[in-house]
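For reference, the chains in residue letters:
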Amino acid sequence: MLLLIGSLVLFMLIGVPIAYSMGLSGLLYFLVYQPDLIAVLPARVYAGMNSSVMLSLPLFIVMGHLMNHGGLTGRLIEFCMLFVGRLRGGLGLVSVLTAMVFGGISGSSVSDAASIGQVMIPAMKNKGYPVRTATGLIAASSTMGMIIPPSIPMVIYAFAASESVGRLFLGSLIAGVMVGVFMLGIVLIIAHRNSFPCEEVDLAPARVLRSTLEGLPALLMPLIVVGSVVTGIATATESAAVGALYALLVGLFVYRGLTFRDLPKLFGEAILSSANVMIIIAFSGVFTWILALEHVTQMIGMLFVQLQLGPTTAMLAVAVVILLIGFFVDVSPAILLLTPVFLPALKMLGVSPIQFGAVLISGLAVGLVTPPVGMCLNVCASVSGESILSVFRGALPFLLANFLVVLLLCLFPALSTWLPALLMG
Amino acid sequence: MSGPAPAYQVHPVLRAEKLLMQCLTWLLTALFGLIFVMVVILVIMRYGFNSTIVGGSEATVMMFIYTTALGAAVDIARGKHIRIDALIDSLPPRAKAWLEGINLILIGILQAMLLYYSIEWISVVGSSEDPVLHIAEGLVEVAIPIGCAFAILFSITRLIALIMTPLADPSN
Amino acid sequence: NFKFAHSQPDSSVRHKSMLFFKEALEKESKGRISVEVFSGSQLGSEPEVMDMVKMGTVQGTRGGAFTKANKKFLIYTLPFLYDSTDAVLKAMRSDFGTHIADAAKDNGYYIPATGVAGGFRVVTNNKHAINTPDDVAGLKIRTPGIETIIKTFEALGASPTSIPYGEVYMALKMGVADGQENPPSNISVMKFYEAQKYLSLLNYQIHPDPLFVNLKWYESLPDDLKTVFDKVSREAMEWSDEHWLASEADYLKFLGDKLEVNEVSADNRAKFVEKVRPVWDFYIQNGTFSEDEVKQAIEAGK
Ligand code: NA
Ligand code: NA
């Protein structure tokens with residue numbers, strides 16, 4: 001066991017891709033301890049790729065690409081301006097609100113950070129916001145992209161935990177909205193302290209109507225995608241495909257930011273990014289098979305019992321591990337490493353897989369904004385020209401919202417389990 | 001980057017690598033386009049016409065397996081795999097180049113082992129028939145050794161590229 | 001060492017019966033065989049573990065991927081083939097049952113005993129009680145992606161829709177489907193009764209639950225251990241059948257308070273048999289089993 005974990009860490013540290021690090025440490029384990037079981041290697045790799053749920057991954061990715069390319073961001077910002085633009089710190093509030101709405105449309109945080117950041121960071125800069133604060137705010141608020149459904153990481157967790165995608169989507173909805181609301185509050189406080197400017201918003205009826213109508217096609221998106229999964233009208237894969245089709249039509253014919261010529265490139269990029277994650281899933285199958293063979297989850301369960309942890313304290317302890325892992329490991333591999341290790345043990349204590357999913361996803365979202373490995377940090381830093389550490393410091397006050405939500409999710413299981421139980425039994 | 005490319009970048013092996021990569025990318029794009037269209041058609045048939053293509057969704061998953069196996073190989077050539085590069089990027093160029101070389105060799109070894117055992121695996125279980133599509137599962141399982149073969153190929157071409165790149169050039 | 005893996009939770013009858021198996025086998029072999037039981041798909045899904053048993057990386061499993069061992073197992077799943085669970089069990093434990101089980105040896109599986117995976121499947125819906133085939137016609141029924149089930153509902157004139165198991169509750173509530181089919185246990189555990197009005201005891205299908213063992217591993221045992229292994233396997237599967245059917249009966253009682261339950265009369269059952277005959281013929285024609293074997297299957301249950 002020590003060999004398995006030790007070699008995994010070593011391979012990852014010297015820069016072997018995470019997927020192959022898992023494969024290599026598994027290979028080493030078999031060669032040393034169980035040479036007659038090595039034949040299971042290709043079967044596990046294949047099993048990871050053979051998933052109809054994960055087929056939604058490239059479809060969700062291409063849906064995001066199509067939406068971003070179609071000219072959606074500008075319209076959403078206009079629309080959000082109507083509501084909070086005139087308050088103190090208007091642009092900051094608009095950024096958070098847009099990230100929230102965007103969260104309901106796209107499945108990933110990184111693409112949200114890129115598309116909102118490109119517009120809002122320069123805009124806030126012009127209005128005299130400190131660059132560090134503006135960039136940090138975009139980075140922190142983009143975490144909602146993966147917390148508010150639809151969420152690609154949640155689909156990966158659904159796969160790892162064999163749980164219903166619909167239930168899990170609903171399970172993190174309240175968490176995502178709370179992050180947004182808390183973050184709006186933090187922006188208001190900071191804006192008042194630093195006297196950030198308000199925005200002039202033209203609230204003439206004609207103008208309001210136009211902004212609303214233009215925002216509408218985008219606002220329908222969450223209803224179509226999340227609604228169809230939750231109601232059982234479509235599987236996660238089908239709803240992602242329908243979402244992508246809708247984004248394609250809106251981009252081509254309504255927003256007209258998209259042309260047929262863009263499609264091969266967008267589809268090609270999407271399927272390669274998908275393979276990038278899928279290969280980690282494939283090799284993590286080898287790794288989790290060994291964990292099961294060695295009864296590691298039972299050992300962790302025993303550890304919880306010996307330490308006399310109840311469900312809440314165990315959940316809190318695991319949340320700390322999640323946050324720590326999030327510093328160093330990217331979201332998808334972290335889900336695939338943490339779920340098989342902790343979920344069975346937590347289940348034994350009576351923690352619902354939905355609660356664990358909400359904590360896991362909300363906790364790992366923070367990791368997107370923490371150095372050294374933080375994808376949203378990288379994106380925002382490159383948009384604004386700030387250093388990664390500076391963006392992180394700018395984001396810290398806003399990340400309070402995320403930490404608070406993770407804490408609340410651990411303490412009150414109902415925050416994640418109530419909505420799925422209400423709607424889906 | 002403008003002006004004539006340095007000699008090591010136009011080496012025939014690397015030109016062939018690039019060409020192969022582009023071909024595979026096109027194949028992947030086409031496969032994914034087909035998957036997308038099929039999933040959409042299946043939804044439309046279900047709600048519009050209350051019918052379905054038997055085995056349609058199974059077929060999309062089978063194509064998806066090929067996209068992963070081949071796409072992961074292409075990602076070796078593109079150097080785009082998700083990894084922790086904090087340590088390796090902080091090393092001096094010479095140490096970094098050595099480590100990258102070792103990594104590529106490790107990946108090659110893993111893929112070679114996987115290739116060997118997957119052929120053994122398919123020869124035992126590959127004849128099993130898919131319960132819906134009624135085709136041999138080996139036809140899909142063979143995506144693994146095919147992906148491995150391309151991955152080994154790209155590990156070798158990357159190693160060649162690494163050896164030919166002068167250390168002074170940090171762009172690699 | 002006998003590694004056994006399956007897909008059901010620790011609370012399931014299947015798991016408990018395998019713990020019974022482990023205890024009995026370790027005791028009666030005087031510790032010469034040790035058994036390790038992995039539950040909840042820890043080592044892989046049902047078809048994946050079937051392959052592992054064939055490869056010999058895992059020594060035994062139970063589950064729904066029985067066609068991987070031999071397609072002849074489908075014969076037990078023909079709609080309306082048996083009218084009582086006693087008949088099914090009798091057929092499985094007869095010489096005919098051994099004939100079907102031995103056909104899996106060509107594929108590298110040894111099957112010491114076959115049982116039933118839960119009870120008869122029944123149909124719920126929220127339109128009307130189902131008494132005759134005509135009552136099924138036109139209903140939108142959620143089915144799992146199992147060919148015999150889909151073909152049965154097509155033959156009865158319903159439109160089968162596939163919806164992932166976890167989403168069925170909401171789909172029934174929203175009216176995406178009118179009804180669904182499952183054994184009473186699943187209907188209770190998944191709370192489908194909250195979204196349904198009628199439960200009709202069609203008892204149209206039951207699934208076999210063979211105990212799959214790697215043939216080479218079994219053949220490597222000395223004769224005395226083979227005898228012990230066979231005996232314990234049969235006892236464990238009988239324990240499983242008994243407890244499983246008893247729990248289904250309890251669940252059905254529970255559902256009786258929640259739904260309007262109706263039985264299907266023998267006359268009406270004959271009408272169903274007539275209607276689904278094309279499903280039987282389909283498998284006879286494509287060579288899965290012969291007409292003669294179907295007759296034997298029915299005889300063996302009498
Ligand atoms: Na989202
Ligand atoms: Na991080």
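Caption draft 1: Molecular detail of the overall build of chain A. Secondary structure assignment for chain A yields 21 helices and zero strands. Against the compact-globule benchmark of 22 Å for 425 residues, chain A has a radius of gyration of 22 Å, which places it among compact chains. The dimensions of chain A, computed from C-alpha atoms along their principal axes, are 75 × 50 × 45 Å. Put simply, of all contacts in chain A between residues at least 6 apart along the chain, 80% involve residues at least 24 apart. Split by element, the accessible area of chain A, about 14,200 Å² in all, is 70% carbon and sulfur.

Caption draft 2: Just the interface of chain A and chain B, in detail. The partner chain B presents 49 residues to the 55 residues of chain A that form the contact. With both sides pooled, the region where chain A packs onto chain B buries about 4,800 Å², and carbon together with sulfur makes up 81% of that total. The largest share of the area that chain A buries against chain B comes from Tyr20, Tyr46 and Leu272 of chain A, three residues that together contribute 15% of it. Where chain A meets chain B, there are nine residue pairs in polar contact (both at pLDDT 80 or more). With 14 residues, helix H14 (residues 263–293) of chain A is the single largest residue contributor to the side of chain A that touches chain B. When the residues that make up the side of chain A that touches chain B are grouped by side-chain class, the tally is 43 nonpolar, 10 polar and two charged.

Caption draft 3: Up close: the pattern of salt bridges. Enumeration over the complete set of coordinates arrives at 29 salt bridges over all chains. Lys71 of chain C is the partner of Glu129 of chain B in a salt bridge, and the nearest nitrogen-oxygen pair spans 3.2 Å. With Glu129 of chain B in the loop between helix H4 (93–125) and helix H5 (138–141) and Lys71 of chain C in the loop between strand S3 (60–61) and helix H3 (85–92), the pair connects residues from two separate chains. By relative accessible area, Glu129 of chain B is classed as partly exposed at 33%. Within this structure, Arg14, Glu46, Arg62 and Asp209 of chain C form a network of salt bridges that share partners.

Caption draft 4: A look at the coordination of the sodium ion (ligand 1). Residues and elements named next belong to chain A. Binding of the sodium ion (ligand 1) to the protein goes through Gly103 (O), Ser106 (O), Gly145 (O), Ile148 (O) and Pro150 (O), at separations of 2.2 to 2.4 Å. Considered as a linear motif, the donors of the sodium ion (ligand 1) on their single chain read G-x2-S-x38-G-x2-I-x1-P. On the criterion of sequence distance, the pair formed by Ser106 in the loop between helix H6 (90–103) and helix H7 (109–126) and Pro150 in the loop between helix H9 (144–147) and helix H10 (152–161) is long-range, its members being 44 residues apart. Like Pro150, Ser106 is buried.

Caption draft 5: Expanded view of the packing of aromatic side chains. All names here are of chain C. Considering all chains together, one arrives at 33 aromatic pairs over all chains under this definition. When the centroid spacing of 5.0 Å and the interplanar angle of 20° are considered together, the rings of Phe80 and Phe272 count as stacked. With Phe80 in the loop between S3 and H3 and Phe272 in helix H11 (residues 266–285), this pair connects stretches of sequence that are 192 residues apart. Each member of the pair, Phe80 as well as Phe272, carries the same accessibility label: buried. By way of ring pairs, the aromatic residues Phe2, Phe21, Tyr110, Trp217, Tyr218 and Phe229 are connected into one cluster. For the cation-ring pair, Lys151 lies above Phe282, with the distance from its terminal atom to the ring centre recorded as 4.2 Å.

Caption draft 6: How the structure looks around the interface of chain C and chain A. In this complex, chain C contributes 21 residues to the contact, which on the side of chain A involves 25 residues. Summing the contributions of chain C and of chain A, the shared interface buries around 1,800 Å²; its carbon and sulfur component is 64%. Sorting the residues of chain C by area buried against chain A places Thr57, Glu167 and Met170 of chain C first, and these three jointly supply 29% of that buried surface. For the pair chain C and chain A, the interface holds one salt bridge. The closest approach of N and O atoms between Glu48 of chain C and Arg44 of chain A, which form a salt bridge, is 2.9 Å. On inspection of chain C and its partner chain A, the count reaches four residue pairs in polar contact (both at pLDDT 80 or more). For the side of chain C that touches chain A, the secondary structure elements donating two or more residues are strand S2 (35–38), helix H2 (46–55) and helix H7 (168–174) of chain C. Ranked by residues supplied to the side of chain C that touches chain A, first place goes to H7 of chain C with five residues. Residue composition of the side of chain C that touches chain A, grouped by class: 12 nonpolar, four polar and five charged.

Caption draft 7: A look at the side chain of Gln111 of chain B. As for its placement among the helices and strands, Gln111 of chain B is situated in helix H4. Assessed through its relative accessible area of 4%, Gln111 of chain B is described here as buried. A distance of 3.4 Å separates a polar atom in the side chain of Gln111 of chain B from a polar atom in the side chain of Tyr20 of chain A.

Caption draft 8: Focus on the sheet that holds strand S4 (residues 109–110) of chain C. Residue and element names in this part refer to chain C. What the five strands build is an open sheet, ordered S2-S1-S3-S12-S4; its pairing is mixed. In this open sheet, the two edge strands, each paired with only one partner strand, are S2 and S4. Note: strand S1 (residues 2–5) against S3, two bridges, orientation parallel. Directly across from Phe4, in S3, lies its bridge partner Gly60. Sheet strands in contact with H2 are S1, S3, S4 and strand S12 (212–214), and its direction is about 35° off that of S12.

Caption draft 9: Looking closely at empty space enclosed by the protein. Inspection of the entire model under this criterion finds five cavities of 30 Å³ or more. A volume near 90 Å³ is recorded for the largest cavity. In terms of lining residues, the largest cavity is bounded by 15 residues, among which Ile279 of chain A together with Ala69, Gln111, Gly147 and Cys148 of chain B are the most central. Listing elements by their share of the lining of the largest cavity, those giving two or more residues are helix H3 (40–49) and H14 of chain A together with helix H2 (56–78), H4 and helix H6 (143–164) of chain B. No other element matches the five residues that H6 of chain B contributes to the lining of the largest cavity.

Caption draft 10: Structural view of unusual backbone geometry. Residue Pro150 of chain A follows Pro149 of chain A across a cis peptide bond; omega there is 0°. Although it is not a glycine, His134 of chain B sits at a positive phi angle of roughly 55°. By the element assignment, His134 of chain B lies in the loop between H4 and H5. For His134 of chain B, a relative accessible area of 38% gives the class partly exposed. Unusually for a residue other than glycine, Lys30 of chain C sits at a positive phi of about 55°. Relative to the elements of secondary structure, Lys30 of chain C occurs in the loop between helix H1 (13–28) and S2.

Caption draft 11: Geometry of helix H15 (residues 296–306) of chain A. Residues and elements named next belong to chain A. What H15 keeps buried is the set Val296, Thr297, Ile300, Gly301 and Phe304. Mapping the buried residues of H15 onto a view down its axis gives an arc of 145°, with all of them on the same face. Of the exposed residues in H15, those oriented more than 90 degrees away from the buried face are Val305 and Gln306.

Caption draft 12: Fine view of the pairing of strand S6 (residues 122–125) of chain C. Residues and elements named next belong to chain C. Side chains Val122 and Thr124 of S6 all project onto a buried face; the interleaved residues Val123 and Asn125 project onto the opposite face, where all are buried too. Strand direction decides the pairing type here: S6 and strand S9 (residues 179–182), joined by four bridges, are antiparallel. Of the residues in S9, the one forming a bridge with Asn125 is Gly179. Bridge count for S6 against strand S10 (residues 198–201) is three bridges, and the pairing is antiparallel. Its bridge partner being in S10, Thr124 is matched across the sheet by Leu199.

Caption draft 13: Quick look at the sheet that holds strand S13 (residues 260–263) of chain C. All names here are of chain C. One open sheet accounts for six strands, arranged S8-S7-S9-S6-S10-S13; its pairing is mixed. Of all the strands in the sheet, just strand S8 (159–161) and S13 have a single pairing partner and so form its edges. On average, each strand axis in the sheet is inclined to that of its neighbour by 25°, with strand direction left out of account.

Caption draft 14: Spatial organisation of a nonpolar patch on the surface. All names here are of chain A. On the surface, Leu209, Leu213, Leu216, Leu220 and Leu223 cluster together into a nonpolar patch covering about 490 Å² of accessible area. Along the chain, Leu220 falls in helix H12 (residues 205–230). Leu220 sits in the partly exposed class, given a relative accessible area of 38%.

What counts, and where the lines are drawn
- Residues numbered from 1 in each chain as written.
- Chains lettered and ligands numbered in written order.
- Predicted model: local features only at pLDDT ≥ 70, side-chain atom pairs only at ≥ 80, totals over all residues.
- Heavy atoms only, no water.
- Helix = DSSP H or I, 4+ residues; strand = E, 2+ residues; numbered from the N terminus.
- Rg over C-alpha atoms; globule rule 2.2 N^0.38 Å.
- Contact = heavy atoms within 4.5 Å.
- Areas by Shrake-Rupley, 256 points an atom, 1.4 Å probe, with all protein chains shown as cover.
- Buried area = accessible area lost by both parts, 1.4 Å probe.
- Polar contact = N/O pair within 3.5 Å; in protein donor to acceptor, adjacent residues only side chain to side chain.
- Nonpolar A, V, L, I, M, F, W, Y, C, P; charged D, E, K, R; others polar.
- Salt bridge = Lys/Arg side-chain N within 4 Å of Asp/Glu carboxyl O.
- Buried < 20%, exposed > 50% of the residue type's maximum accessible area, 1.4 Å probe, protein only.
- Donors = N, O, S within 2.8 Å, 3.2 Å for Na, K, Ca; no water.
- Phe/Tyr/Trp six-rings, centres within 6.5 Å; stacked < 30°, edge-to-face > 60°.
- Lys NZ or Arg CZ within 6 Å of the ring centre and 35° of its normal.
- Pairing = 2+ DSSP bridges.
- Axes fitted to C-alpha atoms, helices over the stretch in contact; angles between N-to-C directions.
- 1 Å grid on protein atoms, 1.4 Å probe; cavity = no way out; pocket = protein on both sides within 12 Å on 5 of 7 lines; lining within 4 Å.
- Points joined across faces, edges and corners; volume = space filled by probe spheres on them.
- Arc of directions from axis to C-beta.
- Patch = residues over 30% accessible without salt bridge, like charges linked within 9 Å, V, L, I, M, F, W, Y side chains within 5 Å.

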